[in-house]
Amino acid sequence: MTTITSLRGRTEVVHPRRTEAHDASAFASLFTHFTEDIFGRIDVAYLLEKSTFALTLCNEKNEAIAHAIFLDYPNWNITDQSDWESFLNKNYVNNKCTPLNTLFMHLFVAKEEYAAGCSQEIIRRAYIAIPELQFILLFIPADENLEPGLDGVFEKMMTAPGSAVDKTFTLLVCPRHQHHPQLHVRKARLEDYDDLMSIWTRQSEILKETHSEYFLADIIACQDEENQAVVCEDGGTAVGFMSLCSQVDISLLRESFDLRLFHGLCKPHPEDVLEVPKEPSIPEDEDKRNQKSQEAETVSSQNLEDISGEDAAVQKDGVIAISHTELPLDDVIHTDFHASATSFLEAEEKDTFHPVYRGASNAFCIRLFCIDEKYETRSLDFLHYVFKLFPDKDFCIILVPHYVPEFHLIQSFVRVAPSCTSQFGRELYVFHRAGLLKSFNVRRATTNDILGVKMLIKTLTLNESILSDLNTFIFARRDPDIVYIQTHYNIEDFIHFNDYQQEEHGELYHFVLNPIFRHYTKHFLKEILRLAHKSSLFYPVYPQYAEGKFQNPFAHSLTSALHYMVPVRPRRQIVYPLEELGINAPSEQVSKDQPRYSLNHINRKLIMESKVSINSRIVVVGASDVGISFLETLVFCPHLKFNNLTLISTHGLPGKDPPGSKHRRFLINSHCFNDEDYAQMSLCSWVNVVVGKMTGINRSAKYVVVSKEREVPYDYLVLCTGQNYQVLSPTGADISKLTTTREVLSKWPQRYTGKIPSNHFTLNDDQDCLKAMEWLKENFINSEGNIIVYGNTIDIYTTVETFLSLGIDGPRIHLVQPPLSSNVTCLNNNEIESAVQEALSEAGVSVYYDSILAQWSKGDDPDLITRAAFTTNRKPFQLQCSAFFSFAYKRVDYETFKAINDACLVFDGKLVIDTEFHTNDVSIRAAGPLTKYSRRYYADEWTHSNFNSREIGFELAASMLSLFDPTPQPFSKPSEGTDSLIPMYKGCKIQGGVLPRGYNYLHISKPEVPIRLDLVLALSDHGTEIVTGKARDGNYFRMHINKYSMVDSITCFSKEPFPASNYICLYGQHERLLNDLFYRWNEGQITDLYSYFREPWSMAIYHDRFIDLQKELRQILLSEQVRETPFHHLGNLSVLFTSVPSPIFLPKLCAPVELFPAQIPHPLPCRSLPVFAAFSDLPAELPTKSLRFPTQHKRPARNPHLISSLITFLVFPNRNTPNANLNLSQASLRAAGFSAPPHRERMATDFSQPSVNFPSTDGSNAH
């Protein structure tokens, strides 16, 4: 807070903040007659969008009283933005301005009476916010004078002799030293004690426990060559303190951190061993050929290519717990997408080499540091002085606890990647002496640079690709496909597309920077934008699938610049019925199929935005849908950077296999994530991966034991292992005595504890399925014998269909189903079950019911099951067995249970949690099918298994973000008594897969406790069931509408593939929104729901931003101002859309039009109220005075069809397809009294009002 005084002597307490887009409208009220004279005609919104830095001053009432906008090039079109530095050098004397230390003021406005004080404060705040900033420049026309307020801030810059630039423009400069000067640093003296003690905060108590009461005085008094203490002062008063020591235990740091980037923090020595000695038995050419494949086999979160010191030196990294986001790497290759099933220990054994450094220590450390918060942005001023105290040391290091946020000093340091199993308990930051250099110049690359770049990257794996791209970019330019990016990613979260030209977007291919200059990354990116005349950069990360290729041909080298970019969320895509849409189908730019990638972005206004670094160690156990959703939510927080996210998983991250792999058909699909989702998330770019299984938890020491060997420390542990199919133990019943199922039911089911036969399979993830398929192809398909599928979950049907698709004869497949644990079957639909049973019978698959595994026998090979015996309610039976697939016993994994139980976490059949995901340990949270709610909620039938796993993961992440996010979040106090209620999540549960005979199956339902379908239909308030087709014919489509007219379940069973992602969008929608579904069904107009939901009108509902339209319409309909809203204002709703595919047809005029405005419900209704409760007070129809016509024409007779047509026309404008037309039903328009408007192409950025012809009184048409 700062107090400023007006010309009249009044005072205002002001505080600064970053200017936001919505502030643009406030600028106009502060413009004076000087503004346009000094700055020219300004489009404020456009300038804000392209600004490098913008500040706003607000008073205590949060009213904006001053704004300033700064860019990195001159504010008048005096010279090209890429050439202003040479322009200044040529035309002005004593010019010390460089792109690194200079910004230009492009606009300043303030309340006139406070202008002088506001200008001083904004300039001061700009220098505080940007430590490297030394000069602020302003060009004004030569015949103009500065407006009052700025005249006391800027001074004229002298032109060079012979320069004529001062005849047209005057250059003014505001140097730093007048507003926020650099601090003077010197050695500490005992006289500084009183000044320094006033700065210490609560940390001083901790330090007093470690040292004496007068620890600070002792440190200052006991200085010598190895121990130094310095202070920085302002006006003779000490405002900061730093204690330094040159004795550093480098060997201890090497055990916990990867120091190869920094030559082990040692001086170079001739006897250093930096590379793995090559075995002479391998020919050199063969070694080169195998190099890539060897690296691709490494199980790690990435392979590392790094530059150590000033020399390019590469060390291959095989430690699987390192993430590229923790390293200032020059190049990181995408082999993290290719993780094999190798265990943690096996992976580590692949790379046991550690460099040997024999040189002396080359680092000193900062032991204590404090500075007054007013001066903390000047913390870097210390380093110039302290490096002079240790002239023989090149590195300065500092260790900070994990929970300490990154302060200004270490934001210029390089964070060193710790080993994921490091128990050190501190984060290590390093700064090199060369990082103090200020001559960091960026220029365009030329052919003369090729040799230098080649030397720089010669040891990088992608060096040939980088050189090839360098040659290409020198002689040609490649721009990103911006239309594809706009339609497939939510890039509009970060930029306003209307303010950007096509050529302003660029794509980052490679970014190689020596790690000691990492703190200049932002400047490098800023200069790339300026010199290339770009305003935004995109950086795609392509997945690497394990198909024998080392590198995806589309991939760029992964870069440390990713730290400073924001990940962009992908947009859900519509599956277009291209044949039905015909010429109105989306353009090829939108609908084309191309490799999916994760998109990262940076633009001018984000360059100066610093992310909040979170170093807390968050360990997630289990790569389930819940765990992936949790990680996804954290990773896509644009203002947060999680440096220590770790996933412990048996098979690493999912999504490593190419799209459409057949082995994925073994298991039912939850539709939480698909191949495209994994590719577009690129979690391996942000998450450490430990391949192994959790076998223990040490709560006191806070670490997880992985595979009984390694210890992974955590600050927060998240358990998301879910439930897995377990190996079921035979009951051991003697079938010779004709034992029945009833006699052995008490002993069943039990977990098998012996050695698992090699032909026994339990499938729980893609890697299990891949392993099983490879075994079948190698050992079963071309041989004789039976395959037994045991279980009663829906996975038995998808597995049988997969066997049939592999060419296995049906008679060789035996489907054995144990007794049901409840009266609800896995399909819960008699018609579909009959069709599936008929398909099994036709294929020759034998089916056995109510059978319990009694024995399995082994033949000559003790590792194989050769026969299996089962008990039934009548007599037992035996089957020859060559492969046994078990889906009968799904529980919490035993080793997971044992780890939880031994850690004394409350386990009651499942891990017990509260409504905020907490276990009985405050540092351990859990979610998903692994968990159950505490009994105090009296809701044993409700668990996370009843809800959508992706939604659960999102809510889990949201509950934890409050621990890390410094941004104030809106908080509403929960209602009294709600703390005893469990949350009811709203996302739908989904199951999809391919069942026998190739039936495509999809079931979408609301979260619920499973109930037999026939019992649900017998309820008086069950709603309405709409069914078309028959299951046996392969065209079955069932939709259930509840009593509130909302879609709450959908079942599809078809021989033909269908767009499942489209149908998921129908869940939760009101039937009126589905083109008046009830009316058309009752009138017999709907005979096939598949074709009905392929009609063009439905495309808008499938659109990813349709929910935004619903929300805005609801706000308009509930607003008191709706009666006075001019009709043409509704056209502004079209701004919500830029990708609704055309054509959008008007609904037929058969529905009660007076209900049309109220047919769009709130997308997320209140949990305790019916959806339409909020609409009970709406008028029966929109009043006609909401429609305003031109005054020269009489208002036509009131026509309800007119209202319906107009609202439909404006609500569903053309979106997303640059080359598509908006088609309206000719008959509908004529019925409403309109002539059809001509077809015209509407670009994605064209939101002009549609032209409508109103009929005049004389019968002619008038616009």
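Residues numbered from 1 in each chain as written. Predicted model: local features only at pLDDT ≥ 70, side-chain atom pairs only at ≥ 80, totals over all residues. Heavy atoms only, no water.

The name an unreviewed UniProt entry gives the chain is Cilia and flagella associated protein 61, with Meleagris gallopavo as the organism.

A.B. asks: Which parts of the structure should I look at to understand the overall build of the chain?
C.D. replies: Looking only at helices and strands, the chain has 35 helices and 50 strands in total. Looking at the chain as a whole, 56% of its 1263 residues are labelled buried. At a minimum sequence separation of 6, the contacts of the chain that also span at least 24 residues come to 75%. Carbon and sulfur atoms provide 50% of the accessible area of the chain, an area that totals close to 55,100 Å². (Helix = DSSP H or I, 4+ residues; strand = E, 2+ residues; numbered from the N terminus. Buried < 20%, exposed > 50% of the residue type's maximum accessible area, 1.4 Å probe, protein only. Contact = heavy atoms within 4.5 Å. Areas by Shrake-Rupley, 256 points an atom, 1.4 Å probe, with all protein chains shown as cover.)

A.B. asks: How should I be thinking about the side chain of R415 in this particular structure?
C.D. replies: Along the chain, the position of R415 falls in strand β16 (residues 414-415). Only 2.7 Å separates the side chain of R415 from the side chain of E427, close enough to count as a polar contact. At 3.4 Å, the side chain of R415 and the side chain of N615 are in polar contact. (Polar contact = N/O pair within 3.5 Å; in protein donor to acceptor, adjacent residues only side chain to side chain.)

A.B. asks: I'm lost on the packing of helix α20 (residues 625-635) against helix α27 (residues 949-964) in this one. Help?
C.D. replies: In a pair of packed helices, the angle between the axes and the distance between the axes together describe the arrangement. Close contact between α20 and α27 brings their axes to 7 Å; oriented N to C, the two are set at 45°. The angle between the axes of α20 and α27 places the two elements in the oblique class. Note on packing geometry: the crossing formed by α20 with α27 is right-handed. In this structure, α20 uses D625, V626, S629, F630, E632, T633 and L634 to contact α27, whose residues at the interface are S949, R950, I952, G953, F954, L956, A957, M960 and L961. Each residue belonging to the contact of α20 with α27 can be placed in one class, and the counts come to nine nonpolar, four polar and three charged. (Axes fitted to C-alpha atoms, helices over the stretch in contact; angles between N-to-C directions. Parallel < 35°, antiparallel > 145°, perpendicular 65-115°, else oblique. Left-handed = near helix turned anticlockwise from the far one by under 90°. Nonpolar A, V, L, I, M, F, W, Y, C, P; charged D, E, K, R; others polar.)

A.B. asks: Sorry if this is basic, but what is going on with the pairing of strand β23 (residues 618-621) here?
C.D. replies: Consecutive side chains of a regular strand alternate in pointing toward one face of the sheet and then the other. Residues of β23 alternate between two faces, with I618 and V620 on one and V619 and V621 on the opposite face, all of them buried. With four bridges joining them, β23 and strand β25 (residues 645-649) adopt parallel strand pairing. What sits directly across from V619, in β25, is T646. Strand direction decides the pairing type here: β23 and strand β30 (residues 716-719), joined by four bridges, are parallel. (Pairing = 2+ DSSP bridges.)

A.B. asks: Help me understand the sheet that holds strand β42 (residues 924-926), please; the structure alone is not making it clear to me.
C.D. replies: The pairing of strands in a sheet happens through backbone hydrogen bonds and is either parallel or antiparallel. Spatially, β26-β25-β23-β30-β42 is the arrangement adopted by the five strands of the open sheet, whose pairing is parallel. Lying at the two open borders of the sheet, with one neighbouring strand each, are β26 (688-691) and β42. Averaged over neighbouring strand pairs, the angle between their axes works out to 20° when direction is ignored. The sheet contact formed by β25 and β26 spans four bridges and is parallel. Residue pairing for β26: I648 is matched across the bridge by V690. Sheet strands touched by α27: β23, β30 and β42. Its angle to β30, the strand with the most contacts, is close to 175°.

A.B. asks: Would you take a moment to explain the pattern of salt bridges for this structure?
C.D. replies: Oppositely charged side chains are able to pair whenever their charged atoms sit close together. Taken as a whole and judged by the stated rule, the model has 45 salt bridges. Here D1014 and R1012 are joined by a salt bridge, their closest N and O atoms 2.5 Å apart. Overall, D1014 belongs to the partly exposed group, its relative accessible area being 36%. Connected via shared salt-bridge partners are E838, E842, R997 and R1032. (Salt bridge = Lys/Arg side-chain N within 4 Å of Asp/Glu carboxyl O.)

A.B. asks: For this particular structure, what's the right way to read the sheet that holds strand β37 (residues 867-871)?
C.D. replies: With antiparallel pairing, three strands are arranged side by side in an open sheet as β36-β37-β38. Across the chains shown, the open sheet's two edge strands, defined by having one partner strand only, are β36 (852-857) and β38 (877-880). Strand-to-strand twist in this sheet, taken as the mean axis angle between neighbours without regard to direction, amounts to 25°.

A.B. asks: In this structure, what is going on with the pairing of strand β2 (residues 11-18)? I would like to understand it.
C.D. replies: Examined bridge by bridge, strand β1 (residues 2-5) and β2 share four bridges and lie antiparallel to one another. Across the sheet, the residue bridging to I4 is E12, located in β2. The sheet contact formed by β2 and strand β3 (residues 53-58) spans four bridges and is antiparallel. Of the residues in β3, the one forming a bridge with H15 is C58.

A.B. asks: Hey, could you run me through the packing of helix α24 (residues 795-805) against helix α25 (residues 830-843) in this one?
C.D. replies: α25 packs onto α24 with a crossing angle of 30° between their chain directions and a minimal axis gap of 12 Å. The pairing of α24 with α25 is recorded here as roughly parallel in orientation. Crossing of α24 over α25 shows left-handed handedness. Residues Y797, V800 and L804 of α24 form the contact with α25, whose own contacting residues are V836, Q837, L840 and A843. Here the contact of α24 with α25 is composed, by residue class, of six nonpolar, one polar and no charged.

A.B. asks: For this particular structure, what's the right way to read the packing of aromatic side chains?
C.D. replies: Each aromatic ring pair is described using two quantities: the centre-to-centre distance and the angle formed by the ring planes. Applying the stated criterion to the full structure yields 47 aromatic pairs. Aromatic pair Y725 and F887: ring centres 5.1 Å apart, planes at 90°, arrangement edge-to-face. Taken together, the residues span a long stretch of sequence, with Y725 in strand β31 (residues 724-725) and F887 in strand β39 (residues 883-887) at a distance of 162 residues. Its relative accessible area of 5% is what places Y725 among the buried residues. Among the residues examined, F887 registers a relative accessible area of 1% and is labelled buried. Residues F1058 and Y1090 carry aromatic rings whose centres are separated by 6.1 Å and whose planes lie at 40° to one another, so their mutual orientation is tilted. Separated by 32 residues along the polypeptide, F1058 in the loop between β48 (1047-1054) and α29 (1060-1064) and Y1090 in helix α31 (residues 1089-1092) bring together distant segments of the chain. Of the two residues, F1058 and Y1090, neither departs from the other in class, the shared state being buried. Positioned above the aromatic ring of Y500, the side-chain terminus of K50 is 4.8 Å from the ring centre. The aromatic ring of Y725 is capped on one face by K890, whose charged end is 4.8 Å from the ring centroid. (Phe/Tyr/Trp six-rings, centres within 6.5 Å; stacked < 30°, edge-to-face > 60°. Lys NZ or Arg CZ within 6 Å of the ring centre and 35° of its normal.)

A.B. asks: Please explain the nonpolar core as it appears in this structure.
C.D. replies: Nonpolar side chains tend toward joint burial in soluble globular proteins. Counting 204 residues, the largest nonpolar core has L719, M1039, Y1063 and F1093 as the members making the most contacts within it. Counting residues per element, this core draws most heavily on strand β5 (residues 102-110), at seven residues. (Core = buried A, V, L, I, M, F, W, Y, C linked by side-chain atoms within 4.5 Å.)

A.B. asks: For this particular structure, what's the right way to read the environment of L183?
C.D. replies: Counting through the fold element by element, L183 comes out in the loop between β8 (169-175) and β9 (184-187). Counting along the chain gives 197 residues from L183 to L380, while the straight-line C-alpha distance between them is 9.6 Å. If near-sequence neighbours (up to four positions away) are discounted, L183 is found in contact with C232, E233, D234, V239, I371, Y375, R378 and D381.

A.B. asks: Help me out: how do you make sense of the side chain of T915 in this one?
C.D. replies: Assignment of secondary structure puts T915 in the loop between β41 (911-913) and β42. Ignoring anything within four residues of it in the chain, the contact list for T915 reads Y933, Y937, L981, I982 and P983.

A.B. asks: Looking at this structure, how should I read helix α12 (residues 381-389)?
C.D. replies: Residues lying three or four places apart along an α-helix face the same way, a consequence of the helix completing one turn every 3.6 residues. Every buried residue of α12 is listed here: D381, F382, L383, V386, F387 and L389. Elements in contact with the buried residues of α12: β9, β10 (227-234), β11 (237-245), β14 (363-371), β15 (395-401) and β17 (426-432).

A.B. asks: I tried to follow unusual backbone geometry on my own but got confused; where do I start?
C.D. replies: Generally, phi is negative for residues other than glycine and the peptide bonds are trans, each holding for most cases. Non-glycine residue H533 carries a positive phi angle of around 55°. The backbone phi angle of K708 is positive, close to 65°, even though this residue is not glycine.

A.B. asks: Explanation requested: the environment of D43 in the structure shown.
C.D. replies: Here D43 is to be found in the loop between α2 (33-39) and α3 (44-50). Exposure remark for D43: the relative accessible area of 48% places this residue in the partly exposed category. Considered as a pair, D43 and A24 are 19 residues apart in the sequence and their alpha carbons are 9.0 Å apart.

A.B. asks: Help me understand α20 in this model?
C.D. replies: With ten of its eleven residues buried, α20 lies for the most part within the structure. Residues of α20 that are buried include every one of V626, G627, I628, S629, F630, L631, E632, T633, L634 and V635, and no others.

A.B. asks: Could you clarify how one ought to interpret the environment of I1050 in this entry?
C.D. replies: Topologically, I1050 is positioned in strand β48. For the pair I1050 and I1004, spaced 46 residues apart in sequence, the C-alpha separation works out to 5.0 Å. In contact with I1050, other than residues within four places in its own chain, are L1002, H1003, I1004, F1037, R1038, M1039, Y1063, L1066 and Y1067.

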